[in-house]
Every structure is written in C-alpha cells, then in structure tokens.
Amino acid sequence: MDTRKVILAVFSVVLVFRLADSFDYTEEDLASEERLRDLYERWRSHHTVSRSLAEKQERFNVFKENLKHIHKVNHKDRPYKLKLNSFADMTNHEFLQHYGGSKVSHYRVLRGQRQGTGSMHEDTSKLPSSVDWRKNGAVTGIKDQGKCGSCWAFSTVAAVEGINKIKTGELISLSEQELVDCDSDNHGCNGGLMEDAFNFIKQIGGLTSENTYPYRAKEEPCDSNKMNSPVVNIDGYEMVPENDENALMKAVANQPVAIAMDAGGKDLQFYSEGVFTGDCGTELNHGVALVGYGTTQDGTKYWIVKNSWGTDWGEKGYIRMQRGIDAEEGLCGITMEASYPVKLRSDNKKAPSRKDEL
C-alpha cells in the first residue's frame, strides 16, 4: 500500500478520535435560542445524557446559565480555562451534593480535636524543584466515583497505591468499593475521612484489588469473602502538620498524599486546563490526592492533584492548583487535612504475630 495513504488513514483515525473525545462550542452557538438548543442536544448526545421531556426544559435553562459562565470566564485573563464537560446541565448545588460529598469538615467536628502523629518526612532537607509521581509509575489511571460521595475512598486508595509502588515496585489498582461497603467508621456514599480509612486498612490486614472487588458507585453489604483476600497492606498513617505548605511539600516529595479541599464554585465544576487560581473557600468537602508539584515557565507554582471525576473533567482527570499563595491554609484549604499511609515493609506478606514467632 502507498505509504502516503497509510499516513493519511492513520491521521484520519486520530482526528476522528480527538473529535469524539472532546466537545466545544463556537460563538455562533450563542447567537440564538435555536442554536443553543441544538448545542444542548449535541452535548447530550456526546455525553449520552438521558433526560425526560418534562425535565429537558429545566435542564436546558441550567445548561444555558452554565455556558454563559464558562464563556465569560474564558474571556478573562486567567491562567486556566473552563469547558462544557459532562456536568454542564447540573447546578453547582446539585454537583456538590453528588461529587463533593466527602463532608470532611463535618466529620472533623464530630471526631473532635485532630490528633497529632508526628511526620516521618519532616527531616527531608533538600526538596526537588518538581515532583510527579505519575512519571515514576506510582499512580494508577483516573477513576470515576460517579454520583456517590465516596471521594474519601478514592483519595485513600490513591495514596496507598502510591506507597505500595514505591516500597514494592508493584503498582496495583486497589478497591474503593471495599472501603465504601466495609469501613463502618466511615459513611460510604455519604462521606468520610481518609485517616479513618487508613486505620481500617491497617486493622483488617490490607486492601484487596479493584479486580476482586470492583467499584459500583453505591453502598452495598460488605462482601467478606472478597475482603478476606488482601493484596496490599500498610502499617498505619501520619498527618501532615496543618496549614504548613513546606511540610506538605516534604510529604509529597516522598509519596502521594491524601488531602481534603473545598470543591465549591462553578469554576472547579467546569475546570478544563491550566493552573487553577479561582475562588473557593475552606469548607472541606472533597477528598483527592496530591501526586506532585511544579512550576510553570512563567513562574507560577502549582500542585498536581489527582481527582476522581473521570477523564472528561480537567486535564484528563487531573487539576493543577496554585501553590505558594499567602493564605496559610492554601488554595481551597489544600493544606488543612493532609495525611499519608506508612508502609515499612518492601512486600505485602502478613507480618508474623507473636504466636507465629514462638
């Protein structure tokens, strides 16, 4: 076959794939109500969003308002952009109910004063200028929590997957569903705390794989048969000193770290690319994982954050968030509730008990 034809065919496949994998709008789409309705129908088709006839008008109105916000922000001089992602016909309140339901601030209050643990990374002296644990093979692919407030489980699992790879050389995708179903100290799809999940993993002797106990985006009865086949264990966890960005950098330089953040605001809902510098508070309602940090060519410092809203959101599931701001709690409260699992062994064999040693 003609080499030029082969190249053209490959280019065509790549082009079709890229078009299918993205969705955008033009100025012409904003010109009339009719064009906006056509855009909404194309958006629904692209994201396979099903709406009843009675609901479509209400959702179309929400879609219009969200599009206006996206268009307005994208025409401002900001280092990040927004897009019409799969959340485009949800109000921000609805979005937070489903996707920002970790309720970390609420459960922190219920638990009482945060316990200090000390930090094994506090003596880290020379911090690298940039860290990206994805490049070290210590981060699994982006996952999707669905309409379940289980982000705390995804944050926990990402941190455990990371330290296991660092210690054993093996990257294993672990089960969030086991935490959702079986960790009674947390609250399944109604939120939870990452440090409590680390405790649970330690107490039961480890976490099983995602293949063994796959994610279902809803809380179900604990499957003890699946839970009794752990593949990765940890020895506990430590808390990063609160509101201490330098301590957080030291931790991230050594391993991926579970953190909580405030995921409120439309800009985060529709974030597409760039370094996020937008408005948000410190009402911790979402669990994510820090998997690195860096600096852009223009000198803007950022964190690399792994999210659990699927690959359609953000930079293929990730967000870069501004680092080095004046507020000690960091952007969106990023330094307020950070923790990481401790793993001392370079394998996942069950530690011998005193009885076994006698």
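Each remark here, short or long, concerns the structure printed above.
Residues numbered from 1 in each chain as written. Predicted model: local features only at pLDDT ≥ 70, side-chain atom pairs only at ≥ 80, totals over all residues. Heavy atoms only, no water.

Most peptide bonds take the trans form, and the phi angle of most residues other than glycine is negative. One non-glycine residue, Ala217, lies in the positive phi region at around 60°. Take Ala217: it is sitting in the loop between helix H8 (194-204) and helix H9 (224-227). We classify Ala217 as partly exposed; its relative accessible area is 28%. Positive phi outside glycine occurs at Asn243, with the angle close to 55°. (Helix = DSSP H or I, 4+ residues; strand = E, 2+ residues; numbered from the N terminus. Buried < 20%, exposed > 50% of the residue type's maximum accessible area, 1.4 Å probe, protein only.)

With that settled, the discussion passes to the side chain of Ser150. Note that Ser150 resides in the loop between strand E2 (131-132) and helix H6 (151-168). For Ser150, the contacting residues outside a window of four places in its chain are Gln145, Val180, Gly188, Cys189 and Tyr215. (Contact = heavy atoms within 4.5 Å.)

One pass over the full model with this rule turns up 22 salt bridges. Among the ionic pairs, Glu33 bridges to Lys64, the shortest N-O distance being 3.2 Å. Taken together, the residues Glu33 in helix H2 (residues 33-46) and Lys64 in helix H3 (residues 53-74) connect sequence positions 31 residues apart. Among the residues examined, Glu33 registers a relative accessible area of 38% and is labelled partly exposed. Owing to a relative accessible area of 16%, Lys64 belongs among the buried residues under this scheme. Between Arg78 and Asp267 there is a salt bridge whose closest N-O contact spans 3.1 Å. Of this pair, Arg78 sits in the loop between H3 and strand E1 (80-82) while Asp267 sits in helix H11 (residues 266-269), and the two are 189 residues apart along the sequence. Take Arg78: its relative accessible area is 30%, and that puts it in the partly exposed class. The structure contains a network of salt bridges with shared partners spanning Arg51, Glu55, Arg59, Asp89 and Glu94. (Salt bridge = Lys/Arg side-chain N within 4 Å of Asp/Glu carboxyl O.)

This part takes up the packing of aromatic side chains. With the rule as written, the count across this model stands at 17 aromatic pairs. When the centroid spacing of 5.8 Å and the interplanar angle of 15° are considered together, the rings of Tyr40 and Trp43 count as stacked. Placement of both Tyr40 and Trp43 in helix H2 is noted, with a separation of three residues, approximately one turn of the helix. Within the aromatic cluster, the residues linked to one another by ring pairs are Tyr80, Phe87, Phe95, Tyr99, Tyr271, Phe276, Trp309 and Trp313. (Phe/Tyr/Trp six-rings, centres within 6.5 Å; stacked < 30°, edge-to-face > 60°.)

Before going further, it helps to examine H8. Listed as buried for H8 are Met194, Glu195, Asp196, Ala197, Phe198, Phe200 and Ile201. Positive phi shows up at Gly205, right after H8, with a value of about 90°.

A few words now on the environment of Leu39. Position of Leu39 among the secondary structure elements: in helix H2. A relative accessible area of 0% means that Leu39 is categorised as buried. When the C-alpha atoms of Leu39 and Asp29 are compared, they prove to be 6.5 Å apart, with ten residues separating the residues in sequence. Excluding residues within four positions of it along the chain, Leu39 makes contact with Phe23, Asp24, Tyr25, Asp29, Phe63, Leu67 and Leu84.

Another aspect to go through is the nonpolar core. One finds Leu84, Leu248, Val257, Phe276, Trp303 and Met321 to be the most contacted residues of the largest nonpolar core, which totals 60 residues. In terms of residue count, helix H10 (residues 245-254) provides more of this core than any other element does, six residues in total. If you count residues domain by domain, this core takes at least three from each of domain 1 (25-45 + 55-77) and domain 2 (97-342). Dropping the residues within four chain positions of it, Val257 is found in contact with Val240, Leu248, Ala251, Val252, Val288, Ala289, Leu290, Ala338, Ser339 and Tyr340. Ranked by size, the runner-up nonpolar core spans 29 residues in total, among them Ile172, Leu207, Ala258 and Met336. (Core = buried A, V, L, I, M, F, W, Y, C linked by side-chain atoms within 4.5 Å. Domains from an automatic or database assignment.)

Axis separation between H2 and H3 bottoms out at 10 Å; the angle between their running directions is 100°. Between H2 and H3, the interaxial angle falls into the category roughly perpendicular. Taking contact as the criterion, the partners of Glu33, Leu36, Arg37, Leu39, Tyr40, Glu41, Trp43 and Arg44 in H2 are, on H3, Lys56, Gln57, Arg59, Phe60, Phe63, Lys64 and Leu67. Split into classes, the residues belonging to the contact of H2 with H3 amount to seven nonpolar, one polar and seven charged. (Axes fitted to C-alpha atoms, helices over the stretch in contact; angles between N-to-C directions. Parallel < 35°, antiparallel > 145°, perpendicular 65-115°, else oblique. Nonpolar A, V, L, I, M, F, W, Y, C, P; charged D, E, K, R; others polar.)

Among the five residues that make up strand E4 (residues 257-261), five are buried, leaving the element largely enclosed by the rest of the structure. Alternating residues of E4 divide into Val257, Ile259 and Met261 and Ala258 and Ala260, and every residue in both groups is buried. Looking at chain direction, E4 and strand E9 (residues 338-342) are connected through two bridges and run antiparallel. Following the sheet pairing, Ala258 is matched in E9 by Ser339. (Pairing = 2+ DSSP bridges.)

We now examine H6. Because the α-helix completes a turn every 3.6 residues, residues three or four places apart line up on one side. Along its 18 residues, H6 runs 26 Å from first to last C-alpha, staying within 8% of the 26 Å computed at 1.5 Å per residue. Counting buried positions along H6 gives 14 out of 18 residues, so the element sits mostly inside the fold. In the stretch just after H6, Gly169 is the one whose phi turns positive, near 85°. (Expected span 1.5 Å × (residues − 1).)

Next up on the list: empty space enclosed by the protein. Take a probe with the size of a water molecule and roll it over the atoms, and the empty space left behind shows itself. Going through the model one piece at a time under the given rule, you end up with two cavities of 30 Å³ or more. Empty space within the largest cavity amounts to approximately 90 Å³. Taken together, 14 residues form the lining of the largest cavity, with Phe154, Ala158, Lys306, Asn307 and Ser308 sitting closest to its centre. Looking at the lining of the largest cavity, the elements with two or more residues in it are H6 and strand E6 (286-295). Looking at the second largest cavity, its volume works out to about 30 Å³. Surrounding the second largest cavity, Met261, Ala263, Leu268, His286, Asn307, Trp309, Trp313 and Ile319 form its lining. When grouped by side-chain class, the residues that make up the lining of the second largest cavity number six nonpolar, two polar and no charged. (1 Å grid on protein atoms, 1.4 Å probe; cavity = no way out; pocket = protein on both sides within 12 Å on 5 of 7 lines; lining within 4 Å. Points joined across faces, edges and corners; volume = space filled by probe spheres on them.)

Without other data, these values stay purely geometric and don't point to any function.
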